[in-house]
Amino acid sequence: MSKKNAFVKLGIFSALFGGAFAFSNYIYKISTVPHQHTDDDKDFDEQITEGRHFVRNHPDRQDMFIDSIDQLKLHASYIPASTNSHKYAIIIHGIWDNHESNGIYAKHYLEKGINCLLPDLRGFGKSEGKYIGYGLDDRLDILEWIYWIIKRDPEAKILLHGMSMGAATTLMTTGEHLPENVKAAIADSAYATLREQFAATYKSFKGSFIPTPIALALSRIIIYLRAGYDINDASPIKAVAKSETPTLFIHGDDDSFIDPHMCSRLYEAASCPKQYCMILGAGHIEGVVKDPDNYWGKIASFLAKTDF
């Protein structure tokens, strides 16, 4: 082999390696590095914004902190019901946001006499963390919050209610061995597997010129190396197959971010007592504002059949 050919091949290899490295870092930055929500970020509905203000300015709101198993300081807002109650709702937010986005749900539960705990998932709000866990690591954090409640109130009856990534977190939490205090779960707009969701999101990008299988492989490697987890392990559909927690699956049929068909697949795969609700005309996590009577009515009828 001539020196010229060797240099040419080395140059091609360097360019390919450098391009793959740059692309991997780009994918990691847009998919796995948390971005904090600010008041300049517009909500999809003014009722969500009103809910943020409700939580932020609630006179009984308390800041709570715990340590994760990997020694991150995690934050949640706790708002007790106005009357003594052993019922608790852990309300779990989605990606690119924080606990305040769930104020609309907290307001409803508080009116029903249910204590509300609104965690900031790792990397968001006031919780420490340098990467997005997509529910995989977060499920263990929610377990810590569950035991935080039980330590305060051994008679606690706990409901998990998550939206989007928070819904995936909810489902992966139910796949764990849970204390009997956890009575029910609500998953609003969850994905079936993170790998599928990554693929669908990547295909929607303009300029996604790298074939999807290669992009997924590079994403999987860089996230494993830098965040320490395998995206293939983030699988709500596997979790619900071993869940014993009664679960309500909710999705909007006009969701263009997470395929509504994933909801029916999750429902079919679930081994627990379960119900299914498709909100017509609702986009991603819009059911609570598009059709609140149907949304909360379905939740009420579901909870009436559980021990919550």
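Computed from a predicted structure; not experimentally measured.

Scoring rules and cut-offs
Residues numbered from 1 in each chain as written. Predicted model: local features only at pLDDT ≥ 70, side-chain atom pairs only at ≥ 80, totals over all residues. Heavy atoms only, no water. Pairing = 2+ DSSP bridges. Helix = DSSP H or I, 4+ residues; strand = E, 2+ residues; numbered from the N terminus. Axes fitted to C-alpha atoms, helices over the stretch in contact; angles between N-to-C directions. Contact = heavy atoms within 4.5 Å. Phe/Tyr/Trp six-rings, centres within 6.5 Å; stacked < 30°, edge-to-face > 60°. Buried < 20%, exposed > 50% of the residue type's maximum accessible area, 1.4 Å probe, protein only. Lys NZ or Arg CZ within 6 Å of the ring centre and 35° of its normal.

A.B. asks: For this particular structure, what's the right way to read the sheet that holds strand β1 (residues 62-67)?
C.D. replies: Within a sheet, neighbouring strands are paired by backbone hydrogen bonds and run either parallel or antiparallel to one another. Strand order in the open sheet formed by eight strands is β1-β2-β4-β3-β5-β6-β7-β8, with mixed pairing between adjacent strands. Looking at which strands have only one partner, the edges of the open sheet turn out to be β1 and β8 (274-279). Ignoring which end each strand starts from, the neighbouring axes of this sheet average 20° apart. Lying over the sheet, helix α9 (residues 261-269) contacts β7 (247-252) and β8, oriented at roughly 170° with respect to β8. Contacts from helix α11 (residues 292-304) reach β5 (157-163), β6 (182-188), β7 and β8 within the one sheet, and its direction differs from that of β8 by about 175°.

A.B. asks: Sorry if this is basic, but what is going on with the packing of aromatic side chains here?
C.D. replies: Aromatic ring pairs are reported here in terms of the distance separating the ring centres and the angle at which the planes meet. In total, this model carries ten aromatic pairs according to the counting rule given. Seen from their ring centres, Tyr109 and Trp296 are 5.5 Å apart, and the 90° between their planes marks the pair as edge-to-face. Of the two residues, Tyr109 is situated in helix α3 (residues 103-111) and Trp296 in helix α11; the sequence distance between them amounts to 187 residues. Of the two residues examined, Tyr109 and Trp296, each falls in the buried class. Centroid distance Tyr295 to Trp296: 5.3 Å. Interplanar angle 80°. Geometry classified as edge-to-face. Under the relative-accessibility criterion, Trp296 is labelled buried at 13%. In this structure an aromatic cluster arises from ring pairing among Tyr105, Tyr109, Tyr295 and Trp296. A cation sits over an aromatic face here: Lys87 above Phe308, 5.2 Å from the ring centre. Over the face of the ring belonging to Tyr78 we find Arg152, whose NZ or CZ atom lies 5.1 Å from the ring centre.

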